[in-house]
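Structural overview for review
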Amino acid sequence: MALDELDGRILALLEANGRESATKLAAKVGLSRSAIQERVARLERDGIIQGYTIRRGRGGPPAGVDAYLFVRLEGPACPRVAPLVRELPEVLSIESLAGELDMLIRVRVPDMTALNALRERVAHLPEVRTVTTTPVLAVHLDRR
């Protein structure tokens with residue numbers, strides 16, 4: 001499906017504030033509320049919008065530890081390993097990579113003990129050869 005300029009503007013507004021009302025979106029984009037609702041429904045149905053989420057600010061309770069798990073697999077095993085990793089509730093994203101590493105997993109856990117336990121679970125999955133764990137110390141830019 002091809003996106004037009006209005007779809008791009010709607011997506012940018014929703015990325016900035018996923019809770020923006022259809023009425024406010026309509027006013028900002030110059031369409032009727034019902035036209036905005038139809039476009040957003042189409043974007044959701046076509047998989048362009050796959051969900052809505054929150055990002056915690058610094059003033060809230062501690063968000064825990066974010067980390068990356070760099071995974072090497074036995075052969076081309078990503079299609080078999082990714083569904084197993086997807087079942088772990090701490091996993092935020094899974095990416096297949098080309099090159100020396102096969103998979104990048106971003107996780108969020110309550111503390112370092114939980115990170116170590118999760119790393120061990122991933123390391124013991126079938127076809128996982130090595131796992132390198134890298135906790136995130138600071139985020140300097142996040143455009144998601």
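Refer to the structure above for everything that follows.
Attention in this report is confined to the structure presented alongside it. (Residues numbered from 1 in each chain as written. Predicted model: local features only at pLDDT ≥ 70, side-chain atom pairs only at ≥ 80, totals over all residues. Heavy atoms only, no water.)

1. Here we look at unusual backbone geometry
Leave glycine aside and you will find that most residues have negative phi; peptide bonds, for their part, are mostly trans. Positive phi values are uncommon outside glycine, yet Glu127 reaches one of about 75°. Within the secondary structure layout, Glu127 lies in the loop between helix 5 (112-123) and strand 4 (128-135). (Helix = DSSP H or I, 4+ residues; strand = E, 2+ residues; numbered from the N terminus.)

2. Comments concerning the sheet that holds strand 3 (residues 103-109)
In spatial order, the strands read 2-3-1-4; together these four strands make up an open sheet with antiparallel pairing. Of all the strands in the sheet, the pair left with one neighbour each is strand 2 (91-96) and strand 4. Sheet twist, expressed as the mean angle between neighbouring strand axes with direction ignored, is 20°. Across seven bridges, strand 1 (residues 65-73) lies against strand 3 in antiparallel orientation. Paired with Val71 across the strands is Met103, a residue of strand 3. Contacting strand 1, strand 3 and strand 4, helix 5 runs over the sheet at an angle of about 160° to strand 4. (Pairing = 2+ DSSP bridges. Axes fitted to C-alpha atoms, helices over the stretch in contact; angles between N-to-C directions. Contact = heavy atoms within 4.5 Å.)

3. Focus: the environment of Leu25
Looking at the element boundaries, Leu25 is found in helix 2 (residues 22-29). Leu25 sits 16 residues away from Arg9 along the chain, and the two C-alpha atoms are 9.4 Å apart. If we skip the residues at most four places from it in the chain, Leu25 touches Leu13, Leu14, Glu20 and Ile36.

4. Observations regarding the nonpolar core
Across soluble globular proteins, you tend to see nonpolar side chains buried next to one another. Ranked by internal contacts, the top residues of the largest apolar core, which has 22 residues, are Val71, Met103 and Ile105. Of all the secondary-structure elements, those providing two or more residues to this core are strand 1, helix 4 (78-86), strand 3, helix 5 and strand 4. By residue number, the principal contributor to this core is strand 1, which donates five residues. Not counting chain neighbours up to four residues away, the residues in contact with Met103 comprise Leu69, Phe70, Val71, Leu73, Cys78, Val81, Ala82, Val85, Ile94, Glu95 and Leu97. In this structure, Leu11, Ile36, Val40 and Ile49 belong to the second largest nonpolar core, which totals twelve residues. (Core = buried A, V, L, I, M, F, W, Y, C linked by side-chain atoms within 4.5 Å. Buried < 20%, exposed > 50% of the residue type's maximum accessible area, 1.4 Å probe, protein only.)

5. Things to note about the packing of helix 1 (residues 5-16) against helix 3 (residues 33-45)
At a closest axis distance of 11 Å, the pairing of helix 1 and helix 3 adopts a crossing angle of 80°. In terms of orientation, helix 1 and helix 3 fall into the roughly perpendicular class. Residue-level contacts link Leu6, Asp7, Ile10, Leu11 and Leu14 of helix 1 to Ile36, Arg39, Val40, Arg42 and Leu43 of helix 3. (Parallel < 35°, antiparallel > 145°, perpendicular 65-115°, else oblique.)

6. Let's talk about the packing of helix 1 against helix 2
For the pair helix 1 and helix 2, interaxial distance at closest approach is 11 Å and the crossing angle is 130°. Relative to helix 2, the element helix 1 lies oblique. Relative to helix 2, the crossing made by helix 1 is right-handed. For the pair helix 1 and helix 2, contact is made by Leu6, Arg9, Ile10, Leu13 and Leu14 and by Leu25, Lys28 and Val29, respectively. (Left-handed = near helix turned anticlockwise from the far one by under 90°.)

7. So, helix 1
Compared with the 16 Å implied by 1.5 Å per residue over twelve residues, the 17 Å span of helix 1 between its first and last C-alpha is a close match. Three or more residues of helix 1 are buried, namely Leu6, Asp7, Ile10, Leu11 and Leu14. Seen along its axis, helix 1 keeps its buried residues to an arc of 135°; they face one direction. Facing away from the buried surface of helix 1 by more than 90 degrees, the exposed residues are Glu5, Glu15 and Ala16. Contacts from the buried residues of helix 1 go to helix 2 and helix 3. For helix 1, the N-terminal cap is Asp4; the gap from its side-chain oxygen to the backbone nitrogen of Leu6 is 3.1 Å. (Expected span 1.5 Å × (residues − 1). Arc of directions from axis to C-beta. Polar contact = N/O pair within 3.5 Å; in protein donor to acceptor, adjacent residues only side chain to side chain.)

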